[in-house]
Structures are given as C-alpha cells and as structure tokens.
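Chains, contacts and geometry: an overview
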Amino acid sequence: MKKSILRVEKVPDMVVEMLVHNYNIYSYIDMSELEFNKISNEIEIILASGESKVTASLMEKLPNLKLISVFGVGYDGVDIETAKQKNINVSHTPNVLTDDVADLGMALLLATSRKIIGAQRFIEQGYWGKTSYPLTTKVSGGKLGIVGFGRVGQAVAKRAEAFNMQISYFDRSPISNISFKYYSDLAKLAKDNEFLIVCLTGGKSTNHLINRQILHALGKQGILINIARGSVVNEKDLVNAINNNEIAGAGLDVFENEPDIPKDLLYKDNVVLSPHLGSATYATRKEMSTLVVKNINSFLSGKGLITPIPELTI
C-alpha cells in the first residue's frame with residue numbers, strides 16, 4: 001500500500017514527479033477542509049520547500065506525521081521546536097546547491113558593482129553616444145566581508161580569491177583551518193569592507209541582523225549582497241539607506257515578504273534584484289529532488305535519513 005505525502009506550498013513540480021508513482025501525493029493548498037480531514041490520518045510525510053511554512057497547528061492536525069522533508073537547505077519556516085516535541089524527523093538538501101548559490105552571489109556582486117542592469121537601460125534608452133555612463137566600482141582587489149561562513153560563505157570566498165579580493169568573515173566563532181580574518185563584531189566587519197555578502201541561515205537568531213547600524217557602518221561606498229534569507233536584512237532600513245545614499249548599492253536574491261518587494265527598490269541603477277534564484281538551475285534542482293526522494297525512501301525503509309537537519313536527529 002502506498003504511503004501518503006502532503007505537499008505544502010512552493011514545492012517544485014520536479015520533485016513531485018519523482019515521487020508520484022510510488023506515493024500518494026496530496027496538495028494542501030488545493031484542498032478544502034473537508035478533503036483534508038478525510039486524509040489527515042494517513043499522512044506520514046510533509047513535503048516542503050525552503051520557503052514553505054510548516055506550523056505547529058498543521059502538525060497537530062496530522063496525528064501520524066513522521067517526517068518533514070524539505071526541498072532546500074534552509075528550513076526556518078518549519079516549527080522545529082514542535083517537531084522535536086512530537087518526535088517528527090526533518091530532512092533537508094544541503095551541499096548540492098552550494099555552488100549555484102555562491103555563483104549567484106558573485107554574479108550579483110559584479111552586476112551591482114559595475115551597474116550592469118543600469119548600463120543595459122542606458123543603451124536601450126538611446127543614451128550611448130550622446131553622453132557617458134557614470135563610472136562604477138572595481139571588484140578585483142576589493143575588500144569583501146562575508147556574513148556567515150558555512151558552506152555557501154566558504155564557496156563565495158573561494159570564488160572571491162580568484163578576483164584577488166581581501167576576504168574576512170563574521171560567524172558565531174572562528175572556523176578552524178581558515179586563514180581569512182575573523183570578526184566577532186559584525187559592525188566592525190561592515191566598516192572595514194567595501195562589499196558585504198550575507199550567507200547566513202534564516203530564523204529568529206539572525207532576524208534583522210543587517211540593520212541600520214550595520215548599513216551605516218558599511219557606508220556610502222559600501223555594497224550589500226544578500227543570498228541568504230530575506231529575514232536577515234531589515235528591509236525598511238535597507239530602503240532608507242538606498243534612498244538616502246547611505247550605501248552605494250545592493251544586490252538581492254531574497255526578500256522579507258516574497259514575492260512582494262518594496263517599490264523603492266525597483267528601477268534603480270544601483271540595485272540588482274533576482275526572484276530567489278539561488279539554486280534555480282536544471283542540474284541542481286534535479287540533484288535536490290533526487291536527494292529528497294532518497295531521504296524519504298531511506299527513512300521509510302528504516303535506514304534513517306541521509307541528510308537530517310543538524311538540530312534534530314531522532
């Protein structure tokens with residue numbers, strides 16, 4: 001008899017297509033309350049994405065829930081404390097998306113610093129040949145501060161080394177066998193660098209970590225890049241910093257209230273935006289989907305999870 005999986009919002013079709021032949025897949029967002037109540041007792045697995053919300057109230061409605069399988073490395077939308085209390089396992093897909101996210105971080109850094117999007121508008125609007133495009137910021141040899149030095153942060157550093165950048169980082173504690181300069185003070189890191197790239201995980205501990213104080217420390221020549229979670233940056237403070245020219249620019253792949261973006265961030269030559277594309281390549285999404293399937297199959301066969309979240313290995 002097929003096991004039943006509840007698909008919550010924002011889970012790509014690719015992973016569902018890999019599961020549908022061997023499992024009953026139900027879509028939570030398409031269900032009426034009556035339909036949900038009919039299948040709630042048979043659900044053993046929730047299939048979520050890194051942006052999904054898996055609340056305590058949803059878990060309470062699923063008495064036989066055993067696993068929350070997250071398509072993504074981040075899982076800050078999952079109520080981990082409730083999962084612990086109810087002995088519900090949680091898996092995610094680390095490592096496989098590291099390179100893509102780091103690549104996009106460098107792409108945003110280059111595009112923002114060199115104002116590539118603004119330069120394209122300059123051509124499209126017919127200004128080339130009539131006037132000169134403003135000078136931009138050099139990246140090679142620049143000072144880069146990395147906020148969060150886990151897998152993605154270290155992958156960004158590896159790429160930045162090829163640009164001969166001077167690299168330093170902020171994390172909860174120094175990372176062993178790392179030669180880059182460590183900062184325990186985030187404001188000091190921001191003050192000492194031209195570029196600040198955010199690679200932290202989301203959640204309560206990092207909420208609005210990048211705020212007015214940090215942006216002020218980054219200064220008028222500084223550029224902020226966020227490839228982490230929108231919640232890490234206080235968006236109101238960022239908008240004010242951009243509007244008042246308190247920083248030089250920002251490159252953002254994530255936002256506080258996706259897909260809603262403050263209008264004041266749009267159509268600016270010193271702001272580059274992308275719609276949460278960190279892992280969005282065919283190759284990586286396929287690898288992530290495969291890892292989700294492997295986690296589910298392994299768990300149900302009694303072998304345990306391949307990639308459980310660090311906080312919760314039951």
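Check the entry above for the structure.
Here's a quick rundown of the structure. This is a predicted model, so every value here is computed, not measured.

1. Quick word on helix 7 (residues 151-161)
For helix 7, the full list of buried residues reads V152, G153, A155, V156, A157, R159 and A160. Those residues of helix 7 that are buried are in contact with helix 5 (98-113), strand 6 (143-147), strand 7 (166-170) and strand 9 (195-198).

2. Focus: the pairing of strand 11 (residues 249-252)
Each regular strand shows side chains that alternate between the opposite faces of the sheet. Alternating positions in strand 11 separate into two faces, G249 and G251 on one and A250 and L252 on the other, with burial throughout. Where strand 10 (residues 223-226) lies against strand 11, 4 bridges are found, and the strand directions are parallel. Note on strand 11: the bridge partner recorded for I225 is G251. In terms of handedness, the path from strand 10 via helix 10 (residues 235-243) over to strand 11 forms a crossover that is right-handed. By the bridge criterion, 3 bridges tie strand 11 to strand 12 (residues 271-273) in an arrangement that is parallel. Paired with G251 across the two strands is V272, which belongs to strand 12.

3. Considering the packing of helix 5 against helix 7
One can describe the packing of helix 5 onto helix 7 by two numbers: an axis separation of 9 Å at closest approach and a directional angle of 50 degrees. Between helix 5 and helix 7, the interaxial angle falls into the category oblique. Read as a crossing pair, helix 5 and helix 7 show a hand that is right-handed. For the pair helix 5 and helix 7, contact is made by T98, D99, V101, A102, D103 and M106 and by R151, V152, A155, V156, R159 and A160, respectively. A per-class count over the contact of helix 5 with helix 7 returns 7 nonpolar, 1 polar and 4 charged.

4. Some thoughts on the environment of V198
With respect to the secondary-structure elements, V198 resides in strand 9. Taking the C-alpha atoms as reference, V198 lies 15 Å from S274; in sequence the two are 76 residues apart. Ignoring any residue separated from it by four or fewer positions in sequence, one finds V198 in contact with V147, I210, L224, I225, N226, I227, A228 and V232.

Conventions used here
- Residues numbered from 1 in each chain as written.
- Predicted model: local features only at pLDDT ≥ 70, side-chain atom pairs only at ≥ 80, totals over all residues.
- Heavy atoms only, no water.
- Buried < 20%, exposed > 50% of the residue type's maximum accessible area, 1.4 Å probe, protein only.
- Helix = DSSP H or I, 4+ residues; strand = E, 2+ residues; numbered from the N terminus.
- Contact = heavy atoms within 4.5 Å.
- Pairing = 2+ DSSP bridges.
- Right-handed = clockwise from strand over helix to strand, strands pointing away.
- Axes fitted to C-alpha atoms, helices over the stretch in contact; angles between N-to-C directions.
- Parallel < 35°, antiparallel > 145°, perpendicular 65-115°, else oblique.
- Left-handed = near helix turned anticlockwise from the far one by under 90°.
- Nonpolar A, V, L, I, M, F, W, Y, C, P; charged D, E, K, R; others polar.

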